[in-house]
2 protein chains.
Amino acid sequence: MNYSISEENYIKAIYRLQSTREPVSTNALAVELDTKPASITDMLKRLKVKKLVIYYPYQGCRLSAEGTRLALGIVRRHRLWEYFLAEKLKFNWNEVHDIAEELEHVSNGQLIERLDAFLGFPRFDPHGDPIPDSSGKIATPSQVKLTTLGAHTKAKVSGLADQSQDMLNLLQQRNITIGTIVEINKKFGFDHSLEIKIPGNPPFIMSEQAAQNILVHHELEA
Amino acid sequence: MNYSISEENYIKAIYRLQSTREPVSTNALAVELDTKPASITDMLKRLKVKKLVIYYPYQGCRLSAEGTRLALGIVRRHRLWEYFLAEKLKFNWNEVHDIAEELEHVSNGQLIERLDAFLGFPRFDPHGDPIPDSSGKIATPSQVKLTTLGAHTKAKVSGLADQSQDMLNLLQQRNITIGTIVEINKKFGFDHSLEIKIPGNPPFIMSEQAAQNILVHHELEA
DNA sequence: AATATTTTTTAGATTTGCCTAAAAATAAAA
DNA sequence: TTTTATTTTTAGGCAAATCTAAAAAATATT
Ligand SMILES: [Mn+2]
Ligand SMILES: [Mn+2]
Ligand SMILES: [Mn+2]
Ligand SMILES: [Mn+2]
């Protein structure tokens, strides 16, 4: 019923990787957790004994029902702390992740429920990712890539697919942040680049590559 | 520059015990940390290598300058989190300790400074203990035992020497909590018991033993 | 001072979580 | 279908943090 910080980090990593490829390979986990594949195999055997993962040698792994339940709890804690750090302590939305990576392991049921109430039961973290509720229910992220929108539509930036420093710099350059309303003026068929307008700034061109990394809330479409 | 959770807990325990008896004995530490004396000896050798403690076999230990600096940082984090838990998350002052025991190990300098600012730079934790500032300065606790006050004096309850469940029950019974203004009506020489009055309640008798565990702020004296 | 008791340390194990190097299994290419 | 390359596992080791049992040192008692 009580897991180590390492175990929790493994479970969360599997949860994340699982959403794009299942089963999750040993090597993918090694990259994600910045450890050696041999260490992954080691831990997967332990997690299997504890019935948190389904794992057969050479076949990769996936979370069991119990593992999924645990993962959602960790994700909940992570995202609630991120919200707290951004909203109450005024951290920048790109600084909150590393701190939440530690806070997420402080597991006191009461603590998280009260934090949730104190924050006013937020539904999304500062990156636009949904926060699971106390029973583990999680909203399907109503986010779509900016490239999927048609010309002459508006949407609110709610997240990033790739949060590399390069990407963050590009956004800073363009005055785009979480919550910014972006409007697509034109789409260029040749290289699929977009002409984008944001309030208070002149229009500018963005490459398809960059636009694919920007996630927006679909609802706002004009 | 970066210490494990165990190391931090040892340093904090030495800091606490040091305030009453120095040097700190191996057995005292074993009791405080709920481990075996052999484990203490082991860890003291490691902490000595890291120059956090002064330790010679059979002679007990004390904190080095660096160890003291570290201890004050941990105490600062612990007490700021306790304040947060009580003030913002509405935890009872006797529930905050265990949670802060975990949160204190999340060591991100920025985090603690911003938390401090968010809380309005509190000077005392919910138990009335002083919170070290960011440079490690700590106020001498202006607390005295209730027994040291003379008859016909008033004072504000600010802490407890012993926080056992029995003690907490006794206080609950008498409607005494942190912040309560207590007035000493009489002192009985025979058994050193006290007649005490608190606003809105009839006077009652308290044993010397109990009164010694109640810490008050001296300033309020009538 | 000699003996008994308590405190502390050493010796030897165990668990967790990681590593490197080598072997084995699987997948891809020739 | 061999051969080659990649992925994954095994084997063996190491450091941290704990334990038990036994030895040694320090204290207390007779
Ligand atoms: Mn983490
Ligand atoms: Mn996030
Ligand atoms: Mn602690
Ligand atoms: Mn306290």
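Describing the pairing of strand S8 (residues 214-217) of chain B
All names here are of chain B.
- Alternating residues of S8 divide into Ile214 and Val216 and Leu215 and His217, and every residue in both groups is buried.
- Looking at chain direction, strand S3 (residues 143-145) and S8 are connected through 3 bridges and run antiparallel. Following the sheet pairing, Val144 is matched in S8 by Val216.
- Here strand S4 (residues 154-160) runs beside S8; their pairing, made up of 4 bridges, is antiparallel.

Focus: the interface of chain B and chain A
- Opposite the 21 residues of chain B that make contact, chain A presents 21 residues.
- Across the chain B to chain A interface the summed buried area is about 1700 Å²; carbon plus sulfur atoms make up 74%.
- Looking only at chain B, the three residues that lose the most surface to chain A are B:Leu89, B:Arg114 and B:Phe118, adding up to 30% of its buried area.
- Applying the counting criterion to the chain B and chain A interface returns 0 salt bridges.
- Our count for the chain B to chain A interface comes out at 4 residue pairs in polar contact (both at pLDDT 80 or more).
- Ranked by the residues each element gives to the side of chain B that touches chain A, the list is headed by helix H6 (residues 109-118) of chain B, at 5 residues.

Details of the protein's contact with DNA strand C
- Near DNA strand C, the surroundings consist of 21 residues, among which A:Ser4, A:Ser39, B:Asn27, B:Thr41 and B:Tyr55 are the closest.
- Among all atoms of DNA strand C positioned within 4 Å of the protein, those belonging to sugar or phosphate total 81%.
- Taking B:Tyr55, its side chain carries an N or O atom lying 2.4 Å from a phosphate oxygen of DNA strand C.
- Residue contributions to the surface near DNA strand C peak at 5 residues, all from helix H3 (residues 37-49) of chain A.
- The class makeup of the residues in the surface near DNA strand C is 9 nonpolar, 8 polar and 4 charged.

A look at unusual backbone geometry
- With an omega of 0°, the peptide bond running from A:Glu22 to A:Pro23 counts as cis.
- Position of A:Pro23 among the secondary structure elements: in the loop between helix H1 (5-18) and helix H2 (26-33).
- Positioned with a positive phi, A:Tyr58 is a non-glycine residue whose angle comes to about 70°.
- Mapped onto the secondary structure, A:Tyr58 falls in the loop between strand S1 (53-55) and strand S2 (61-63).
- Phi is positive for B:Lys51, close to 60°, though the residue is something other than glycine.
- For B:Lys51, the position within the fold is in the loop between helix H3 (37-49) and strand S1 (53-55).
- Take B:Lys51: its relative accessible area is 63%, and that puts it in the exposed class.

Brief notes about the domain arrangement of chain A
- Each assigned domain of chain A is listed here: domain 1 (5-63) and domain 2 (144-221).
- For domain 1 of chain A and domain 2 of chain A, the distance between their C-alpha centroids amounts to 34 Å.

A closer look at the pattern of salt bridges
- All told, the structure shown has 21 salt bridges over all chains when counted by the stated rule.
- In this structure, A:Arg77 engages A:Glu8 in a salt bridge whose closest nitrogen and oxygen atoms are separated by 3.1 Å. Of this pair, A:Arg77 sits in helix H4 (residues 65-87) while A:Glu8 sits in helix H1; the two residues are 69 residues apart in sequence, bridging distant segments of the chain.
- Residue B:Arg69 pairs with B:Glu66 through a salt bridge whose shortest N-O separation is 3.0 Å. Here the residue B:Arg69 and the residue B:Glu66 both occupy positions in helix H4 (residues 65-87), the gap between them amounting to 3 residues, near one helical turn.
- Looking at B:Glu66, the relative accessible area reads 28%, which means it is partly exposed.
- Each of A:Lys12, A:Glu101 and A:Glu104 takes part in a single network of salt bridges with overlapping partners.

Some remarks on the protein's contact with DNA strand D
- Within the structure, DNA strand D sits among 21 residues, and A:Thr41, A:Tyr55, B:Ser4, B:Ser39 and B:Asp42 are positioned closest to it.
- For DNA strand D, the fraction of atoms within 4 Å of the protein that belong to sugar or phosphate moieties is 78%.
- Within the contact set of DNA strand D, a phosphate oxygen lies 2.7 Å away from a side-chain nitrogen or oxygen of A:Thr41.
- Within the backbone of B:Lys36, a nitrogen or oxygen atom sits 3.1 Å from a phosphate oxygen of DNA strand D.
- At the level of secondary structure, the elements contributing two or more residues to the surface near DNA strand D comprise H2 and H3 of chain A together with helix H1 (5-18) and H3 of chain B.
- Counting residues per element, the surface near DNA strand D draws most heavily on H3(B), at 5 residues.
- Of the residues belonging to the surface near DNA strand D, the class tally is 9 nonpolar, 8 polar and 4 charged.

Thoughts on the environment of B:Ala38
Residues and elements named next belong to chain B.
- Looking at the secondary structure, you find Ala38 in helix H3.
- Exposure remark for Ala38: the relative accessible area of 57% places this residue in the exposed category.
- Between the alpha carbons of Ala38 and Thr26 there is a distance of 8.6 Å; along the sequence they are 12 residues apart.

What counts as what
Residues numbered from 1 in each chain as written. Chains lettered and ligands numbered in written order. Predicted model: local features only at pLDDT ≥ 70, side-chain atom pairs only at ≥ 80, totals over all residues. Heavy atoms only, no water. Buried < 20%, exposed > 50% of the residue type's maximum accessible area, 1.4 Å probe, protein only. Helix = DSSP H or I, 4+ residues; strand = E, 2+ residues; numbered from the N terminus. Pairing = 2+ DSSP bridges. Contact = heavy atoms within 4.5 Å. Buried area = accessible area lost by both parts, 1.4 Å probe. Salt bridge = Lys/Arg side-chain N within 4 Å of Asp/Glu carboxyl O. Polar contact = N/O pair within 3.5 Å; in protein donor to acceptor, adjacent residues only side chain to side chain. Near = heavy atom within 4 Å. Nonpolar A, V, L, I, M, F, W, Y, C, P; charged D, E, K, R; others polar. Domains from an automatic or database assignment.

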